[in-house]
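# An overview of the molecular structure
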Amino acid sequence: MKILKVFNNNVSLILNDDSVEEIIMGKGVGFNKREGDVIDPVLIEKRFVLEGNNSVSNLDNLLARIDIEDIELASDIIQLGETELKQAIDDSILLTLSDHIGFVLNRAAEGLQMRSPLEWDIKQIYTKEYAFALKAVQMMREKTGIEIPDQEAAFITLHFVNAYNSTSSMNETMLTTKIIQSIIDIIKYHYGKEYDETSYDFTRFITHIRYFVKRQLDKEVSSNEDSSLINLIAVKYEQDYQCAVKIKAFLAQQYDWTISNDELMYLTLHLNRLSSNQ
């Protein structure tokens, strides 16, 4: 592994043995090092692969506006996130989160606050990730001494949700959030009641809806149009089926989605489980 660029004593950009660029972190990994020097792997504590838009060709442009301290803080937050959320986080989040942290700190220092238009939706849909993001905000306060508002947790939540799937873009993540909230609104209106959004049944249902929306966005939809089973489901769980039909009609009208009988059946069954247990 050879040094491409030294950022400070503890952070460097390297070309690894597979000729892939990485940002590495560890005590002394950049101390007295120059371009072309070989790195001792024992010194490396954290490593982040740089691919695609994060390649070295535009890394200098990013680093012109990202302080190395922000990269180190983002790294600490990512490490905490993997522990708290019990899920591997894609390396691509490092620079985007670092860039966002710098933006947050500058706004906070100037006394400016921003709210995500999807903040309430994010709290409902990504409860686990949002709870972690609040801890990340507290970590930022403690490490920077800047009073960062809790509202920033919504933005951090989206960064982590987006990082679960490296093929997703932030625009897709925000679209998914918007669609899920619309589905929740239809459900609440149809059944005429509110739900305990912290309950196991609600969070489990949201997980199913997230995968349902993801499949639609990825065009991984079933083509099975066998109507025999859905007809039985429609009779047995009439109210839940009618709600599923409303959701199907909304998605067809707003996003030109085609919902198969299989998807309609599973949606009906999930709705029945939710409505029966709440």
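- You'll find the protein chain entered in an unreviewed UniProt entry as Beta-glucoside operon transcriptional antiterminator, with Candidatus Enterococcus lemimoniae given as the organism.

### What about the nonpolar core?
- In terms of nonpolar packing, the biggest core is built from 71 residues, with Ile77, Phe160, Ile187, Ile247 and Leu271 touching the most fellow members.
- The element contributing the most residues to this core is helix H3 (residues 93-109), with eight residues.
- Setting aside residues up to four positions removed in sequence, Ile187 forms contacts with Tyr195, Phe205, Cys243, Ile247, Leu271 and Leu274.
- One finds Ile3, Ile14, Ile39 and Ile44 within the second-largest nonpolar core, a separate group that totals seven residues.

### Some words on the sheet that holds strand S3 (residues 21-25)
- With antiparallel pairing, the four strands of this open sheet are ordered in space as S1-S2-S3-S4. Taken across any chain shown, the strands that pair with only one partner, and hence form the sheet edges, are strand S1 (2-8) and strand S4 (46-49). Strand after strand, the sheet turns through a mean of 20° between neighbouring axes, direction not considered.
- Looking at chain direction, S1 and strand S2 (residues 11-15) are connected through five bridges and run antiparallel. Residue pairing in the sheet places Lys5 in a bridge with Leu13 of S2.
- Along the sheet, helix H2 (residues 68-85) contacts S1, S2, S3 and S4; its crossing angle with S4, the most-contacted strand, is approximately 100°.

Rules and cut-offs
- Residues numbered from 1 in each chain as written.
- Predicted model: local features only at pLDDT ≥ 70, side-chain atom pairs only at ≥ 80, totals over all residues.
- Heavy atoms only, no water.
- Core = buried A, V, L, I, M, F, W, Y, C linked by side-chain atoms within 4.5 Å.
- Buried < 20%, exposed > 50% of the residue type's maximum accessible area, 1.4 Å probe, protein only.
- Helix = DSSP H or I, 4+ residues; strand = E, 2+ residues; numbered from the N terminus.
- Contact = heavy atoms within 4.5 Å.
- Pairing = 2+ DSSP bridges.
- Axes fitted to C-alpha atoms, helices over the stretch in contact; angles between N-to-C directions.

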